[in-house]
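Remarks on the overall topology
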Amino acid sequence: MRVSYGWLSEYVDVTGYSASDLAEKLTRSGVEVDIVEKLNQGITNVVVGYVKTCEKHPNADKLSLCTVDVGKEEDLQIICGAKNIAAGQKVPVAVPGAVLPGNFKIKKAKLRGVESYGMICSAKELGMNDRLLPKEIQEGILVLPDDTNVGDDILEVLGLNDEVLELELTPNRSDCLSMIGTAYEIAAILGREVKLPLAEVSSSSTIAADKISVKNLSPENCHHYSARYIEEVSIQPSPLWMQNRLMAAGIRPINNIVDITNYVMLEYGQPLHAFDADQLNEGHIEVRLAEKDEKMTTLDEVERTLEESMLLITDGTKPVAIAGVMGGANSEVQAETINILLESAKFSGSSVRITSKKLGLRSESSLRFEKEVNPENVTAALNRAAVLLSQYANGKVADGIVEELSVQNPATNIEISLRKVNDYLGTDLSKEDVKHVFDRLHFSYTETDESNVVVHVPSRRGDITRDVDLIEEVARIHGYDHIPTSLMVGVTTPGSLTKEQKIRRAIRRILTDEGLHEVINYSFTHPSQIKLFPGMYAESKHVKLALPMSEERSTLRTSLIPHLLDVAAYNNNRNQADVRIFETGRVFLTEEETLSRLPEEKELLSILLTGKRETAHWSVQENKVDFYDLKGHVETLFEYLGIIGLEFVSASPNGFHPGRTASIQINTGEQNIELGWIGQLHPSIQQEKDLEEVYILEIALEEVYKLSSFDIEYVSLPKYPAIGRDIAIVVGQTLQIGEIVNSIKETAKELLESVSVFDIYTGEKVSSGKKSVALSLTYRHNERTLTDEEVTELHSKVVEEIEKSFNAELRK
Amino acid sequence: MKEQLEALKLEALKELESVNDSKTLNDFRVKYLGKKGPLTEILRGMGKLSNEERPVIGQVANEVRSAIGNAIQSKQDEISRKELENRLKEETIDITLPGRKPTQGAIHPLNKVIQDIEDIFVGMGYTVEEGPEVEKDYYNFEALNLPKDHPARDMQDTFYITEEFLMRTHTSPVQIRTMEAKKGEVPIKIICPGRVYRRDDDDATHSHAFTQIEGLVIDKNVRMSDLKGTLLQFVQEMYGKDTQIRLRPSFFPFTEPSAEVDITCANCKGDGCRICKQTGWIEILGSGMVHPRVLEMAGYDPNEYSGFAFGMGVERIAMLKYGIDDIRHFFTNDLRFLNQFVRI
């Protein structure tokens, strides 16, 4: 809502407060003012001039040479380039010495050999928003009404001395979608009175009911329909002051009839509509719901196909308006219109809202109906418009209102106790303080006993329905700044994070300590991304948005990997080839094509490594990351989280390199749980994403949360010495060394403290298809010193077993 | 013989002066003190001396031996010192070359901010609750006093999946789920961080997905002044002890009274600058007293219980805190962006 400061001051005395003062006060008490716009953008010395003569410039085809009377002794000779200039016009003239917006100074000038003393201005040159003016005026000079006084200051004539407060209204404060509503708010803040406009109709001898009739067939959607009949209007432009105010509010002036309906809508917040009464069948109005696929052409010349839920105004034979949204072209007020049926109604907010949403048609009218207009203003606004129509369109207002009222406005009376106010706000207000707030708001009340009052809420404040709403009024008018600060009384509670939350933080901490960056990606993705890399939940159906903003963001992700690949590609394209990142986030899984219950939201951890292992350094040979870098991150992470029994089992799921991928499993002793996958991205996807070798991991965190343990159980340090033995063997190249390690563990049992691989060699020194493996074993007994003999005996069993099981050849 | 010994001593000490390395020194030791050396030779001839001469000469011979021995020792020390000096000199490195740094990753700035906020509220006795990102219309709207076709639903343009299911537009449904799970028990003191979704075109200040963190307190006798006090405590922990707050009346369907909360601009300390648009204040929170209708629907009698709720956008807080100018940076994950948050 754009509120003119000058116009507002007609309803409430704002003496002593500038527009910006009011803006600050409104904002601090709950009606936010977005900006305060000065209409005068820097004009001085522009006056109304009368074009006495207008001839072609002797030396230029497109220029005119004019003699202009600006109310001074001497007329001015001015050269003008506008097409629409003509003798006999009243126009804005910037006389020599004038300044136009943008600090544009007007001086005497010579144009093609002829002197020009000033400039005739267009609306744009005056800094006006000419979007609301007719096209020929936008392209040429601003032509003023003939009755404008020559020599008058243009700022006065065009109302440019005004300022406009642009209100950013919350949905509850639709009362401020009107000048009067805003005036009540200002009056409450400043503690002043509201002056209502004149709305006393003097009617003619014609009886309205003889000329028009109203029938409401949809009382649940149309609560009140009232109409007046105005005869013999003369259609002409509305007075300039009215046009100025409409334009300040952002509404296009059309003609006096339409302008008056809009003007009153701005005053009262009650939308009105004027029908050409002679286009209505016998002056009849019938309110009903549309029929399926019924069609009508609205004022904007668009044919609309209607639905059964839409409320229509008809004349019994044809639709003439979509109730509360837009009038029909067939009954529009035009230059030839003589008699008018003026509509003022209360349509149900949700009905208008649904209709305007379905038609994609929002208007100043629908905007107000949607939020429920004040039922008391239906008649007041009708009468006010009738007064203005007789004043500015010479209309004769027929006697009486023709109406159907189906829903009475219930009075809102709310009892409120002083104690509740103070208990709720934590304040120490007296009853007088509270009453004072209601006085300022112009809410009447009845005192029921010492501490209680019953407040009679005026119908303009439909947002107030409960005692807490009144408490808010008390708080905001009294001032939120005057509410003290306190801390809760009552039991203290211990705050804490859940186990899951702690572990999530631990994962972040360890992976970042290992040099990985945490990333966050969107949950929406392109279906092709899911197809390219289905991840662990390939069998899940996809959750899709009903109306996505783009295909790119239409489907909920089922894996975090595709977006991680995009992050790697994004960074690669910016010369950042070494990407080591992880994300914890949710994927969305369902078995249903169409949801009938919430999808499962699984939290995953994904890691991506690509590029070099080490940061570039003069002393370090640069190596690319490989499977074992990623595996090491996982091993450390699980150790850190206290999870034991981690197993890597060869696997070849979709999207991964079949020879370089493992399923990560946990052997809990009772069962094997698959947590996720680790491996190299399949080279064909790598190529499609234009990446270097990429290693990826994705695991479900639910099990990780369950299996993690913060408990540390101390094991005493060994008291007896360990004995080390190394083994070097040659085995088949494809043999997985994990199998040898398992065999060693099985044979050596509890006396084996550890086994590690310290060398692997393939090449000239071993025959082809073979590899040499060197392992280091440590034996120890916890309760005594092992003898060399028993270790030698055990160790040779271990070696024998390896030789036998893996056809291994011992290197000596 | 005595003269012979003295001459030997002089000769040896003189020769020692020119010895400069360990090897020559060793040869020198063998030459003078070794088994075939002149001193040993002389001492062998002692047998021929008289009983009177023998102890005198013996003493002189021992003196000469120890003088040479001591001289060798100090020469040895000198040489070792010199050799160590030389070795250390050779070992000198260029300390201006860069070190081998273990790389350190960064927690994403949004999660960093969430963790900071969580820590403050956990310290004030709150627990952290989470909820689903795909929600039922009921939890996202209806139970929050936003019935179907309520104009206030326009405040949040929604991604629907079906008529009943949608992407949550705020973290407030977690409030309702928590209240339902608590089945009328008090106190409730929770904060709920999480991702939310709105149909906005992505630009420098809008994102179709962003992060909220909100709080809820329900108990007997919870007052609006408690809300003010709690928020003051929070912002002073978060932004410093001299931070002040200002509440402005506003509207949210699920709170009444409702308030927008401004804090004094951390950049200009309230004097007015570009960041706070010359007002000295920066809006960071929405808040209010829980609407009685919301309490009723979740099974709490509004005549017996009251509560407050507040919510903030994590991106906004992070942008203000770090001076980030474009919300899209949080989701682009440019390493040059992430690298800047390595510091604690």
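Residues numbered from 1 in each chain as written. Chains lettered and ligands numbered in written order. Predicted model: local features only at pLDDT ≥ 70, side-chain atom pairs only at ≥ 80, totals over all residues. Heavy atoms only, no water.

Threshold: UniProt positions are given in the numbering used here, feature names are shortened, and annotations may be inferred rather than shown by experiment.
Identification of chain B as Phenylalanine--tRNA ligase alpha subunit from Chengkuizengella axinellae is taken from an unreviewed UniProt entry. The UniProt entry for chain B carries this comment under Subunit (unreviewed entry): "Tetramer of two alpha and two beta subunits."

An unreviewed UniProt entry lists chain A under the name Phenylalanine--tRNA ligase beta subunit, with Chengkuizengella axinellae given as the organism. UniProt lists a comment for chain A under the heading Subunit (unreviewed entry), and it reads "Tetramer of two alpha and two beta subunits." UniProt annotates chain A under Sequence similarities (unreviewed entry) with the comment "Belongs to the phenylalanyl-tRNA synthetase beta subunit family. Type 1 subfamily."

**A closer look at the overall build of chain A**
As a reminder of what qualifies: A run of H or I in DSSP counts as a helix once it spans at least four residues, and a run of E counts as a strand once it spans at least two, with each numbered from the N terminus. In this setup the radius of gyration rests on C-alpha atoms only. A globule is expected at 2.2 Å times the number of residues raised to 0.38. Buried residues are those whose accessible area, probed at 1.4 Å on protein chains only, stays under 20% of the maximum for their type, while exposed residues exceed 50% and partly exposed ones sit between those limits. Pairs of residues are marked as contacts when any of their non-hydrogen atoms sit within 4.5 Å. Exposure was quantified through the Shrake-Rupley algorithm and a 1.4 Å probe, taking into account, for residues, occlusion by the shown protein chains and nothing else. His is not counted, nor are the chain ends; Lys and Arg add positive charge and Asp and Glu add negative charge. The atoms used to mark charge sites are NZ of Lys, CZ of Arg, CG of Asp and CD of Glu.
Helices and strands together make up the secondary structure of chain A, namely 22 helices and 39 strands. The C-alpha atoms of chain A give a radius of gyration of 42 Å, which is well past the 28 Å a tight globule of 812 residues would have. Each of the three principal axes of chain A carries a C-alpha extent, and together these read 130 × 85 × 55 Å. Here chain A holds 812 residues, and 52% of them are scored as buried. Long-range pairs, those at least 24 residues apart, make up 69% of the contacts in chain A between residues at least 6 apart in sequence. Surface exposure of chain A reaches about 37,800 Å², of which carbon and sulfur atoms provide 47%. Chain A carries 85 positive and 125 negative side-chain charges, and their two centres are separated by 4 Å.

**A look at the domain arrangement of chain B**
One widely used convention gives an interface's size as the accessible area the parts lose upon coming together. What counts, and what does not: Boundary definitions for the domains trace back to an automatic or database domain assignment.
With domains assigned, chain B is organised as domain 1 (2-90) and domain 2 (109-341). A straight line from the C-alpha centre of domain 1 of chain B to that of domain 2 of chain B covers 92 Å.

**With respect to the UniProt feature "binding site: Mg(2+)" (unreviewed entry) in chain B**
The UniProt feature table records "binding site: Mg(2+)" (unreviewed entry) at B:Glu256. Checked against the element boundaries, B:Glu256 lands in strand β7 (residues 255-264). Other than its neighbours up to four places away in sequence, B:Glu256 contacts A:Tyr424, A:Val468, A:Asp469, A:Glu472, B:Met289 and B:His291.

**Focus on the interface of chain A and chain B**
Spelled out, the test is: Buried area: the sum, over both parts, of the accessible surface (1.4 Å probe) that disappears when the two are put together. Here, a salt bridge means any side-chain nitrogen of Lys or Arg that lies within 4 Å of a carboxyl oxygen of Asp or Glu. Polar here means any residue outside two lists: the nonpolar Ala, Val, Leu, Ile, Met, Phe, Trp, Tyr, Cys and Pro, and the charged Asp, Glu, Lys and Arg; Gly therefore counts as polar.
Of the residues lining the interface, 91 residues belong to chain A; the matching set on chain B comes to 94 residues. Of the roughly 7,900 Å² buried at the junction of chain A and chain B (both faces included), carbon and sulfur atoms supply 56%. Where chain A touches chain B, the interface holds seven salt bridges. Notably, a salt bridge pairs B:Asp119 with A:Arg505, separated by 2.8 Å at the nearest N-O pair. It is helix α15 (residues 499-513) of chain A that provides the largest number of residues to the side of chain A that touches chain B, a total of six residues. A per-class count over the side of chain A that touches chain B returns 37 nonpolar, 26 polar and 28 charged.

**A few points about the nonpolar core**
Stated formally: Residues belong to a common nonpolar core when they are buried Ala, Val, Leu, Ile, Met, Phe, Trp, Tyr or Cys residues joined through side-chain atoms within 4.5 Å.
By size, the foremost hydrophobic cluster in this structure holds 117 residues, and its most contacted members are A:Phe438, A:Leu470, A:Leu608, B:Met167, B:Phe310 and B:Phe330. The element contributing the most residues to this core is helix α8 (residues 224-239) of chain B, with eight residues. If sequence neighbours within four positions are ignored, A:Leu470 has contacts with A:Ile414, A:Ile416, A:Phe438, A:Phe443, A:Val455, A:Val457 and A:Ile464.

**Quick word on unusual backbone geometry**
It is generally the case that most residues other than glycine have a negative phi and that most peptide bonds are trans. Residue and element names in this part refer to chain B. Cis geometry is found at the peptide bond from Val186 to Pro187, where omega equals -5°. Within the secondary structure layout, Pro187 lies in the loop between α7 (173-182) and β4 (188-197). A cis amide bond links Glu256 with the next residue in sequence, Pro257, at an omega value of -10°. Positionally, Pro257 belongs in strand β7.

**Regarding the sheet that holds β4(B)**
Residues and elements named next belong to chain B. Defined as follows: Each pair of strands is called paired provided DSSP finds at least two bridges between the two strands.
If you trace the seven strands from one edge of the open sheet to the other, you get β1-β4-β5-β9-β8-β7-β6, paired in mixed fashion. Looking at strand neighbours, the two that pair on one side only are β1 (127-128) and β6 (245-252), the edges of this open sheet. Inspection of the sheet shows β6 paired to β7 by seven bridges, in the antiparallel sense. When the sheet's bridge partners are listed, Leu247 is paired in β7 with Val261.

**Comments concerning the domain arrangement of chain A**
Residue and element names in this part refer to chain A. Taken domain by domain, chain A consists of domain 1 (6-34 + 165-190), domain 2 (44-157), domain 3 (208-405), domain 4 (412-482), domain 5 (499-707) and domain 6 (723-810). Using only C-alpha atoms to locate each centre, domain 1 and domain 3 end up separated by 27 Å. Each partner contributes to the interface: domain 1 provides nine residues, whereas domain 3 provides 11 residues. Of the roughly 890 Å² buried where domain 1 meets domain 3, counting both sides, 60% is carbon and sulfur surface. Interface area lost by domain 1 to domain 3 is led by Trp7, Leu177 and Ile180, which between them contribute 60%. Where domain 1 packs against domain 3, one counts one salt bridge. Taking the shortest distance from any N to any O, the salt bridge between Glu10 and Arg245 comes out at 2.4 Å.

**What to know about the UniProt feature "domain: TRNA-binding" (unreviewed entry) in chain A**
According to UniProt, the "domain: TRNA-binding" (unreviewed entry) feature falls on residues 40-155 of chain A. Segment residues 40-155 of chain A splits into 6% helix and 39% strand. End C-alpha atoms: 7 Å apart.

**Some thoughts on the pattern of salt bridges**
Residues and elements named next belong to chain A. Counted under the stated rule, the structure contains 73 salt bridges over all chains. In this structure, Glu518 engages Arg508 in a salt bridge whose closest nitrogen and oxygen atoms are separated by 3.0 Å. One end of the pair, Glu518, is in strand β27 (residues 517-518); the other, Arg508, is in helix α15, with 10 residues separating them in the sequence. A residue is classified by how much of its surface remains accessible, and Glu518, at 0% relative accessible area, is buried. The shortest N-O distance in the salt bridge between Lys689 and Asp566 comes to 2.9 Å. Pair noted here: Lys689 is in the loop between α19 (683-688) and β35 (694-700) and Asp566 is in helix α17 (residues 561-572), with a separation of 123 residues, a long-range link. Of the residues examined, Lys689 reaches a relative accessible area of 15% and is grouped as buried. Owing to a relative accessible area of 26%, Asp566 belongs among the partly exposed residues under this scheme.

**Looking at the sheet that holds strand β2 (residues 32-38) of chain A**
All names here are of chain A. Let me state the cut-off plainly: Between N-to-C directions, angles span 0 to 180 degrees; the directions come from axes that are lines fitted to C-alpha atoms, helices contributing only their stretch in contact.
Pairing within the open sheet is antiparallel, and its three strands lie in the order β1-β11-β2. Unpaired on one side and paired on the other, β1 (2-4) and β2 mark the two borders of the sheet. Going across the sheet, the axis of each strand differs from the next one's by a mean of 25°, ignoring polarity. Pairing between β2 and strand β11 (residues 163-168): six bridges, direction antiparallel. Note that in β11 the partner of Val36 across the bridge is Leu165.

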